[in-house]
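Letter by letter, the chains look like this.
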Amino acid sequence: MTQQPFSAAALRGAVDLSGLGKRPGQAPAAPGSTPGEASSASGDPALRQADDATFESVVNGSMTVPTVLVLWTPQVPESVQHAQALAQLSREYEGRFVVVGVELSANPGIVQALTPVLQQTFGQVDALPIVLGLLQGQPMPFYLGVQDTSQLRPLFDKFLEAAVANGVTGRADVGEVPSQEPAQDEEDAPLSPLHQQAYDAIEAGDLDGAATAYEQALQADPGDDEARLGLGQVRLLRRTQDLDVDATRQAAAERPSDVAAQVAAADLELVGGHVEDAFLRLVDTVRVTSGDERNQAREHLLELFEVIGAQDPRVAAARRSLTAALF
């Protein structure tokens, strides 16, 4: 994680954001919103979205409320999820900072304005999201890539200390923190019928039945992370149960640009607990292939990320390597 001097004066004049939102031909405001006003994302007051046309209001807002910018893209779903996690952190801080998301590909003006300070801090941007603080209109680069929010409190504590020192002490209405008290102990909580069906099928060796149960669980609740993780693991077991280990490894060694061979070897490595090796193998495959083959390797790597879970630091590291291989 990049540590920056937390002083609004440290970057004053380094990046001029004042011109954004004032260009001719700017996009119209969203229906029902005030021109120049950042809008709430999915009804969440702690996570707002801004674009080139409305960014001036974000800059002005940082004069009174510390602001955290998250530059994301739908091509990297974890970048969107991380913005949502930071919004939850904002609620835990009782609105002492607000989170504003910016979609990279749709807002070239914001990206162009921030590029000098990003290059100065990071050199090459090799992971998403890009997270910055914004205090009194001045950007403070924080870090690249998904980070464990439990490790981010010292960073935000220092950011807020700098805000207080500069007289920026306003708060945003970010809604209430959801209750953290479980209805009952996790160990005593019964499994949902579909999850129980999946576990029973796995114990019986019926991987197809387990996959079907998890798929039905996801159809009923697309946000069921346990079902998504379980489905990825079951699919992995199903792909590898009949593989000849020695033959698979030999084929991968002999044909480094053969996507099918590398995918099979990566699956075996993941089943064997060699997570980093599996990820590195497919990143290398992406690097040496092109076209449909490259996309096949990339998509399979993303599927393996789902098996391990987006919050695992090994996934975050591999995603940075994948971004570097692609661009």
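Definitions and limits used
- Residues numbered from 1 in each chain as written.
- Predicted model: local features only at pLDDT ≥ 70, side-chain atom pairs only at ≥ 80, totals over all residues.
- Heavy atoms only, no water.
- Helix = DSSP H or I, 4+ residues; strand = E, 2+ residues; numbered from the N terminus.
- Buried < 20%, exposed > 50% of the residue type's maximum accessible area, 1.4 Å probe, protein only.
- Core = buried A, V, L, I, M, F, W, Y, C linked by side-chain atoms within 4.5 Å.
- Contact = heavy atoms within 4.5 Å.
- Axes fitted to C-alpha atoms, helices over the stretch in contact; angles between N-to-C directions.
- Parallel < 35°, antiparallel > 145°, perpendicular 65-115°, else oblique.
- Left-handed = near helix turned anticlockwise from the far one by under 90°.
- Patch = residues over 30% accessible without salt bridge, like charges linked within 9 Å, V, L, I, M, F, W, Y side chains within 5 Å.
- Areas by Shrake-Rupley, 256 points an atom, 1.4 Å probe, with all protein chains shown as cover.
- Salt bridge = Lys/Arg side-chain N within 4 Å of Asp/Glu carboxyl O.
- Pairing = 2+ DSSP bridges.
- Phe/Tyr/Trp six-rings, centres within 6.5 Å; stacked < 30°, edge-to-face > 60°.

Engineer: I'd love a proper account of unusual backbone geometry, names of residues and values included.
Structural biologist: Cis geometry is found at the peptide bond from Leu128 to Pro129, where omega equals 5°. Here Pro129 shows up in the loop between helix 3 (108–122) and strand 5 (130–135). Phi is positive for Glu94, close to 55°, though the residue is something other than glycine. Along the chain, the position of Glu94 falls in the loop between helix 2 (77–92) and strand 4 (98–103). You can call Glu94 exposed: its relative accessible area is 56%. Non-glycine residue Gln136 carries a positive phi angle of around 50°.

Engineer: Can you break down the nonpolar core residue by residue, with the values?
Structural biologist: One finds Val68, Leu86, Phe97, Phe142 and Phe156 to be the most contacted residues of the largest nonpolar core, which totals 28 residues. At the level of elements, strand 2 (44–49), strand 3 (67–72), helix 2, strand 4, strand 5, strand 6 (138–144) and helix 4 (153–165) are the ones that each hand at least two residues to this core. Per-element accounting of this core gives the leading share, six residues, to helix 4. When residues no more than four places from it in sequence are discounted, the contact partners of Phe97 are Val65, Pro66, Val68, Leu86, Leu89, Ser90, Phe156, Leu160 and Val174.

Engineer: An account of the packing of helix 7 (residues 225–240) against helix 11 (residues 291–308) is requested, with residue identities and associated values reported.
Structural biologist: At a minimum axis distance of 7 Å, the contact between helix 7 and helix 11 shows a crossing angle of 120°. With respect to helix 11, the axis of helix 7 lies oblique. For the element pair helix 7 and helix 11, the recorded crossing hand is left-handed. Of helix 11, the residues touching helix 7 (which contributes Arg228, Leu229, Gly232, Gln233, Arg235, Leu236 and Arg239) are His300, Glu303, Leu304, Glu306, Val307 and Ile308.

Engineer: Go over the environment of Leu135, please, and point to the residues and values.
Structural biologist: Mapped onto the elements, Leu135 comes out in strand 5. Given the relative accessible area of 0%, Leu135 is considered buried.

Engineer: Break down a nonpolar patch on the surface for me, with residues and values.
Structural biologist: Together, Leu191, Tyr199 and Ile202 line one region of the surface with nonpolar side chains, adding up to about 240 Å² of accessible area. Topologically, Leu191 is positioned in the loop between helix 4 and helix 5 (193–203). Given the relative accessible area of 39%, Leu191 is considered partly exposed.

Engineer: Which residues make up the pairing of strand 6, and what values go with them?
Structural biologist: By the criterion of burial, strand 6 is predominantly enclosed, with seven of the seven residues buried. Here strand 5 pairs with strand 6 via six bridges, running antiparallel. Bridging from a neighbouring strand, Leu132 pairs with Pro141 of strand 6. Counting the residues that bridge the hairpin from strand 5 to strand 6 gives two residues, and of these Gln136 lies at a positive phi of roughly 50°.

Engineer: Residue-level account of the packing of aromatic side chains, with values.
Structural biologist: Counting across every chain of the model gives five aromatic pairs. Look at Phe97 and Phe156: their rings are 4.8 Å apart centre to centre, the planes differ by 5°, and that puts the pair in the stacked class. A residue pair is termed long-range when its members are at least 10 positions apart, and Phe97 in the loop between helix 2 and strand 4 and Phe156 in helix 4 qualify at 59 residues. As far as burial versus exposure is concerned, Phe97 and Phe156 are alike and both buried.

Engineer: Describe the environment of Leu301, and please don't skip the residues or the numbers.
Structural biologist: Counting through the fold element by element, Leu301 comes out in helix 11. Counting along the chain gives 21 residues from Leu301 to Leu322, while the straight-line C-alpha distance between them is 8.9 Å. Those residues in contact with Leu301 that sit more than four places away from it in its chain are Phe279, Leu282, Val283 and Leu322.

Engineer: Could you give an account of the pattern of salt bridges, naming the residues involved and the relevant values?
Structural biologist: What the rule picks out here adds up to 12 salt bridges. One salt bridge connects Arg171 with Glu94, and the closest N-O pair in it is separated by 3.3 Å. Of this pair, Arg171 sits in the loop between helix 4 and helix 5 while Glu94 is found in the loop between helix 2 and strand 4, placing the two residues 77 residues apart along the sequence. When sorted by exposure, Arg171 lands in the same class as Glu94, which is exposed. The closest approach of N and O atoms between Arg255 and Asp258, which form a salt bridge, is 2.9 Å. A residue is classified by how much of its surface remains accessible, and Arg255, at 39% relative accessible area, is partly exposed. Taken together, the salt bridges that share partners define one network made up of Arg239, Asp267 and Glu303.

These figures capture arrangement, not role.
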